[in-house]
Amino acid sequence: MMTNTLITAIEKRRTQYALGKTLPASQTEVTALIETAIKLSPSSFNSQSSRAVILFGQHSEKFWQIVKDELRKIVPADAFAPTDAKITSFAAGAGTVLFYEDQDTIKSLQQQFKSYADNFPIWSEQASGMAQYAVWTALANANIGASLQHYNPLPDAAAAAEWGIPTSWKLRAQMPFGANEAPFSEKTFMDDAQRFKVFA
């Protein structure tokens, strides 16, 4: 296959659960990286509906404590140990990106373009996914490990109160990130013939 720098970058994006606190770049640089990746991500009608809250250090640990506290309410105590270990591993990282979608932006587009009204929430989810992927890939190429989590809506209300999140922002995903503290296993792929059809 021909050499392609984007594909090379995409190949580095992997799920990392073993996270550490020491980043290979400053918080200012990591913040700029995340913000730029989101700003360059596509969105329908250039709606730019994606929002992000970037938490470092104690703020990130606080978020995962909120998640843990909420999970304790629904996970039986005698079965909580694996859940506790997983959430603790996320808190062990250097930070967390909270991905939001601005519902006011979506509603405004629905009002402006009524014939597409039913599609804007779908396109918003697609925009969020692309923003998440862009950030994840950018972090990976900066040698920063990350994983994508979906504990919403459990921590939504407490997080909104803690960090003053606008009521129109809807939490869609969480991305803990940090130093890569473990190597990646080999990634396997299903047969191409089962996934793709090409006609030429």
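Positions within a chain are numbered from 1, following the residues in the order the chain's sequence is written. Totals for whole chains, interfaces and linings use every residue, but because this is a predicted model, local features are given only for residues with pLDDT of at least 70 and side-chain atom pairs only at 80 or more, for both listing and counting. Computation of side-chain values: all heavy atoms of the structure, hydrogens and water removed.

Can you break down the packing of aromatic side chains residue by residue, with the values?
The pairing test for Phe, Tyr and Trp rings, Trp by its six-membered ring, is centres within 6.5 Å, and the orientation test on the planes gives stacked under 30 degrees, edge-to-face over 60, and tilted for anything in between. All chains considered together, the criterion is met by 15 aromatic pairs. Between Y17 and F90, the aromatic rings sit 6.4 Å apart at their centres with planes inclined by 40°, giving tilted as the arrangement. Placement of the pair is Y17 in the loop between α1 (5-11) and β1 (19-20) and F90 in helix α4 (residues 81-91), with a sequence separation of 73 residues. Residues F45 and F113 carry aromatic rings whose centres are separated by 4.7 Å and whose planes lie at 50° to one another, so their mutual orientation is tilted. Within this pair, whereas F45 is found in the loop between α2 (27-39) and β2 (50-56), its partner F113 is found in the loop between α5 (103-112) and α6 (120-141), the two being separated by 68 residues in sequence. Take F45: its relative accessible area is 41%, and that puts it in the partly exposed class. Exposure is judged per residue with a 1.4 Å probe applied to protein chains only, and the accessible area is read against the type maximum: over 50% gives exposed, under 20% gives buried, and values in between give partly exposed. The class of F113 is partly exposed, set by a relative accessible area of 29%. One aromatic cluster in this structure is built from Y17, F63, W64, F90, Y151 and W163. Note that R13 overlies the ring of W136, its terminal NZ or CZ placed 4.4 Å from the centroid. Strands are runs of DSSP state E lasting at least 2 residues, helices are runs of H or I lasting at least 4, and numbering of each runs from the N terminus. In our convention, an over-ring charge means Lys NZ or Arg CZ found within 6 Å of a ring centre and within 35 degrees of that ring's normal.

So, the packing of α2 against α6: which residues are in play, and what are the values?
In this analysis, axes come from line fits to C-alpha atoms, helices being fitted only over the stretch in contact, and the angle between any two N-to-C directions falls in the range 0 to 180 degrees. Packing of α2 against α6 leaves a shortest axis separation of 8 Å and a crossing angle of 145°. Handedness of the α2/α6 crossing: right-handed. Taking contact as the criterion, the partners of V30, L33, I34, A37 and I38 in α2 are, on α6, A131, A134, V135, A138 and L139. Broken down by class, the residue content of the contact of α2 with α6 amounts to 10 nonpolar, no polar and no charged. Two helices cross in a left-handed way if the nearer one is turned anticlockwise from the farther one by less than a right angle. They cross in a right-handed way if the turn is clockwise. Residues are treated as being in contact if the distance between any of their heavy atoms lies within 4.5 Å. Note on residue classes: Ala, Val, Leu, Ile, Met, Phe, Trp, Tyr, Cys and Pro are nonpolar, Asp, Glu, Lys and Arg are charged, and everything else, Gly too, is polar.

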